[in-house]
Structures are given as structure tokens and as C-alpha cells.
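Structural characterization, general
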Amino acid sequence: MSYRFLPDVFPLLTQTREKYGESRLPKNHMIRDWAVSYDDLEPYYDHAEKMMGISGKAGNLRGRLIEGGNIFEGPRQNEYPTQPAKQPYIATKFRDAATSLGYHPYPIPAATLSVPYTNPDCISRNSCAYCGFCERFGCMIGAKAQPSNTLLPVLRGKKNFELRPSCWVRRIVVKDGRATGVEYTNEKGEEFLQPADLVLLSTFTMNNVRLLLLSKIGEPYDPRNGRIALGSNLTHQVSHAPATMFFEEPLNRFMGSGAAGFTISDFDGDVLDHSNLPFLRGGILRVFSSGMRPIASFGVLPPSVKPTWGSEWKKASTYYFDRTATFSFSGEHLAYRENFMDLDPTYKDKFGDPLLRFTLDWQENERKMADFFTPKAVDIAHAMGAKEVVPFAGLRRYDTRRYQTTHIQGGTVAGRTPEDSVLNSYSQHWQVPNLFVLGASAFPQSPGPNPTPTVLAMAYRTADALIERYLKQPGTLV
Amino acid sequence: MRRRQFLTLSAKAVGGVLVYSLTREPLLIPSRAQSIKVPLRFFQEAEALDVAAAAARIMPTDETGPGASEAGVIIYIDRQLASAYGRDRYRYTQAPLPHTQRPRAPGSPAFQLFSRYRCGRQW
């Protein structure tokens, strides 16, 4: 699911203050404006979409709104590189119901190709076969953009490129304010020091933060003072199923792909006026079919079925297996003083290095936002003709045992001043200018939609600055 | 070191299916064999028969098709309980667990089973 963020995501703090006043911000918030704007990122969003061949339909082409696309999105210079994917039956039911209620459904932008496509690097890939084994799996025909089929084939031909698999980087070595290399251990347990002029740390949010903490680069966050520092601003996209629906007819949900469906952004960002709502910001609702798995998807039953085991339960589970569908919600998670990452005092990895620890819970803004979306989803479910609908029980406490996306963000916030961020707008470390930290760890808070295109856009922007400016004259880019 | 336990299954119940042996080699059970012996890694044979019977009540063999017995569920449960997953080794539930979390039982369902069978208590 390859969404761009809405333009209002970036000046979040300034805009919220101006529109609703300081008093509407939670007292313990650590919300910040981003160091970049939508306009800064637009050319790089465009490039990322072309590299992956994102399928979708534009809703705003250079200011012209287009029905059928996301009319709330920021202006795009180009249409999506490939047309929208084929839509599963359940998604078309959602589209029709949402339209009848006055919403603006649009096809989920997908990194799975709808048609064969050749990207600007001359990498050709096949189109999706809707096999139903997508989002948790490697794509067997290469329709889904992943580094192994877009990036590595290009790098493989480079004489100055070497991939060292099965290696664990355990420290970044810094001397006199410069990174001089990395220490790593290979699969045999041998330790190496790899010298480097330039270090790009791009090891996912959590390991970015952990490696910097282990390497003692930058000041660790202290929740007692609440100043932005390494490990602060931990956010985890609010994600759950606002409603589960049970239908009388089969839905053929064994077919699909990771992003085959529709979204509505009518409640995303600040699209809705929040003056009289008990929460700030919002999120997106969607219905899609990524493929029902024989074990993972089995046994979801409507409340009218009473037995929880035995023949009657088995019969009902078989009957409802393909008559069940869920809504999916992705919402903004604001940054708070109490939510952060640090090194665990107890648990260590196999090398004896401390693991990363989360301190995280939902707050009233997230709970009230979830409560707002549940009845909206239930209404749409009834308009879709669902026989029975089970609403979401409420967000309550943060619980790691419930899977809720891999979209964990923050820890190395990118900002405009070294006093109030860890990285500058190019994801360059304020204290160590030859260290760049790429990924969603640079996000000051979590927007509603999924983060990957923004992670890529920021990385392409950094790459441009590296080639155009840094390599010619190494130093601070801002 | 306790004596190795085997679960004796009638070949009819697993006829024509693949069973993964201790060495993870797939083993085709010939349907003409009278019975087969599957080595157990966690359960005693009597325990395995109990749990297998319970699984067969949850997912019975009936007119809608095969159930837990034919699927060899007991072998799966046995292997899971014998593995790191069964001991919750990857969940960082090192003692002491906060007393207040008692009612919210930490750990996986497999860990619950493990502690009930081997420690005589439930977390």
C-alpha cells in the first residue's frame, strides 16, 4: 500500500496551533513540524513511484481534481506509472457503498504491478496474478516491488558494489565527530572493522535507534526533561479492524493481492474540521482482499453462532470462511513524552548487547479517534449488505501481542535545529555529518497512511544531495 | 533423561499423509501398515492421547470432512511444546514477572500448556 502523505501532515504543529489553538494540543505532546514539506518531497515521491511502478489513480493532477482518485491528496505532477489493480468483489461492494454514502473511494495505490512494466533503471517486471500470497511473502513472479527485484539487479552489475550477507553490524565507530567505519560480526562469529568515509544507516526504525544507542552517538532521550533526543517520539501507526462483516454470499477472498482494494481518505489528516471533535487528526478506512489463509483466516464467526468447538462450530467456520470480511483502519499516532525507546536493562542479544526497549501506550487522542471510526465503518458495512456486523471493541491499552503493522516510527527525529532534532532535513546526523540515518525513524510522528513511499522519497532526496553537493564538498548540508 | 515415548497411531487415521519425522525428513505412511509409532518429544504417551482426544472434540471428524486426528494435530502440538516457542523463550518473560500482570497471563498459549503440564501451575 503505497500512499503519499497528505500535505497537511508536514506542518502539523504550526497548522494545528493556528487552526485550533494551543489548548487543543495534548499537554504531554511532542508533536513537531517535519523538516520537509510536501512540495519538497513531491519530485521524489514521483521518482519512487516510477521506480516501483506503483499502480493507482491520481486524484489531484497539478491542482486539477479527478473523481475516482484521492481528491484529498496533494498535487501530483504525474499520473501513477501503472493503472489501478483489478478489484476483488468485496472491494467493489465497499466502493459502491462508500459512494452511496457520499464518500470518495479510490483504488489503493499498490507496489504490485497491474500491468507489465519497465522502470527508469530498465528493470522489467510481470503483472500481478492475484494469487493471494502477497503481503507476508516474497512475490514468486516479481510483480511486487521489493529490493531483490528492483534494486539488487542494478547493483549486481556495479564493479564497486559488494554485498556481505549474514553480517551483523554491531557498532558505528565515531572518532572526533566523524564516523570512521562499522564493526560487524559475520555468521562464523568473526569480528571485522570496515573503515568508511561515509556511513548510511538504514536498518529499520528500531535498529537505527538501537545501533546509535549502542554506539553512543547522540544524547539518549530522558523522559524526565521531555526534550527531543535519540529514542524520543516513538509512534506506531494506529491500526485495527473497526468492523468485521458477515455476508450471505461467498466473497472469493482467497484471491487478491496485498493492496487490492479501495480506500477512503474523507477522514484523513485534517480533511475533517476537528473544532467540535474530541480528537485531533484522523486516518483512512479501507477494504481489500489480500488472500484468505487456510489456518490464519479460519474460525472467525458472527455472534449468532454460539458453539466455540465441535461439529456445529466446524460447520459454521467452514461456511463463514469465505463470507467474512474486515475493514482496515490506519490512523495517525501523535508523539508523547511518555512514549520512547531506550536500551533494555535486562534482555540482551546473542552477543551480550542490550536489546531495544519500547515504553509505549495509547492515549486519549488515539482511543477517541478509534471510537469515532467504528460507527462510520459499521454504517458502511450495513450499506454493503452485511448480514451481521461486529464493531471494534475499542483501543484500550497498547498490546504487542496483537499484530498491528510494522509501521513503527521515530527515535531519530529529523528537524530544523540541532537543539530540537537528531537529524537535519537530509537525515544527516547533526553531530556526525558523515553519518546519514535513513528510514521512518526520522518521522516526528506517525501519519495515518503507510510510510514506505515517504521513506523512499526522503532517501532519494538525500541521495540527490549526496551526489550533487556532499561528494563534491563533504560537510553539513544545511 | 526420560525414556523416549512413542505415540501409536492407527495407520488408517494417517493413511496416505506425510508425517515429518524427528530428522524433519518427510515420511509417507503406507496405508496398508496396521499402525505407526511416532516418537514424542514433549508428551508422555498417555498425555498425548488425552490431548489428541481433546483436539478431536474441538475439530471432529464428521460429515463435513477430516478433523484434528487426520491432520496429526497432536504431533504439531508436541513439537511446538518441545521447541523454544513452547518455553516462550523468545518472549522475554524472564522472572520476576510483575505481580500485577498475573490476571493477564503473560506468554503464548503454548507456554500456558507447558507450565500446566510440567510445572503444575498456570501463570
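What counts as what
Residues numbered from 1 in each chain as written. Chains lettered and ligands numbered in written order. Predicted model: local features only at pLDDT ≥ 70, side-chain atom pairs only at ≥ 80, totals over all residues. Heavy atoms only, no water. Pairing = 2+ DSSP bridges. Helix = DSSP H or I, 4+ residues; strand = E, 2+ residues; numbered from the N terminus. Axes fitted to C-alpha atoms, helices over the stretch in contact; angles between N-to-C directions. Phe/Tyr/Trp six-rings, centres within 6.5 Å; stacked < 30°, edge-to-face > 60°. Buried < 20%, exposed > 50% of the residue type's maximum accessible area, 1.4 Å probe, protein only. Contact = heavy atoms within 4.5 Å. Salt bridge = Lys/Arg side-chain N within 4 Å of Asp/Glu carboxyl O. Expected span 1.5 Å × (residues − 1).

1. Looking at the sheet that holds strand E7 (residues 178–185) of chain A
Residues and elements named next belong to chain A. Pairing is antiparallel across the open sheet formed by three strands, whose spatial order is E6-E7-E8. Edge positions in the sheet fall to strand E6 (168–175) and strand E8 (191–195), since each of these pairs with one other strand and no more. Taken pair by pair, the neighbouring strands of this sheet meet at an average axis angle of 25 degrees, ignoring direction. The sheet contact formed by E7 and E8 spans five bridges and is antiparallel.

2. Observations regarding the packing of aromatic side chains
Residue and element names in this part refer to chain A. According to the stated counting rule, one finds 24 aromatic pairs over all chains in the structure shown. Centre to centre, the rings of Tyr319 and Tyr320 are 4.9 Å apart; their planes meet at 90 degrees, and the pair counts as edge-to-face. For Tyr320, a relative accessible area of 7% puts it in the buried group. Taken together, the ring pairs in this structure connect Tyr103, Phe267, Phe279, Phe329, Phe372 and Phe373 into an aromatic cluster.

3. Digging into the environment of A:Leu356
Residue and element names in this part refer to chain A. Locating Leu356 in the fold gives a position in strand E18 (residues 354–359). Residues Leu356 and Asn207, spaced 149 residues apart in sequence, show a C-alpha to C-alpha distance of 7.9 Å. With sequence-adjacent residues up to four places away left out, Leu356 is seen in contact with Met206, Val209, Arg210, Leu213, Met341 and Asp342.

4. Details of the pattern of salt bridges
All names here are of chain A. The tally for this structure, following the rule as stated, stands at 24 salt bridges over all chains. Among the ionic pairs, Arg171 bridges to Asp353, the shortest N-O distance being 3.0 Å. Note that Arg171 is positioned in strand E6 and Asp353 in the loop between strand E17 (340–348) and E18, a separation of 182 residues in sequence. In this structure, the salt-bridge partner of Arg357 is Asp342, at a minimum N-O distance of 3.0 Å. Residue Arg357 is located in strand E18, and its partner Asp342 is located in strand E17; the two are separated by 15 residues in the primary sequence. Residue class for Arg357 comes out partly exposed when judged on its relative accessible area of 30%. Each of the salt bridges in this network shares a partner with another, and the network as a whole consists of Arg4, Glu42, Glu49, Glu73 and Arg76.

5. A word on helix H6 (residues 204–214) of chain A
Residues and elements named next belong to chain A. Counted residue by residue, H6 has eight buried out of eleven residues, so it is predominantly covered. If you check which residues of H6 are buried, you get Thr205, Asn208, Val209, Arg210, Leu211, Leu212, Leu213 and Leu214. Those residues of H6 that are buried lie in contact with E6, strand E9 (199–201), E17, E18, strand E20 (408–409) and strand E21 (435–437). Lys216 sits one or two positions beyond H6 and adopts a positive phi of about 55 degrees.

6. Notes on helix H8 (residues 364–383) of chain A
In this model, H8(A) (20 residues) spans 30 Å end to end at C-alpha, consistent with the 28 Å of a helix rising 1.5 Å per residue. Just downstream of H8(A), A:Gly385 is the residue with a positive phi angle, here 90 degrees.

Just geometry here; none of it tells us what the structure is for.
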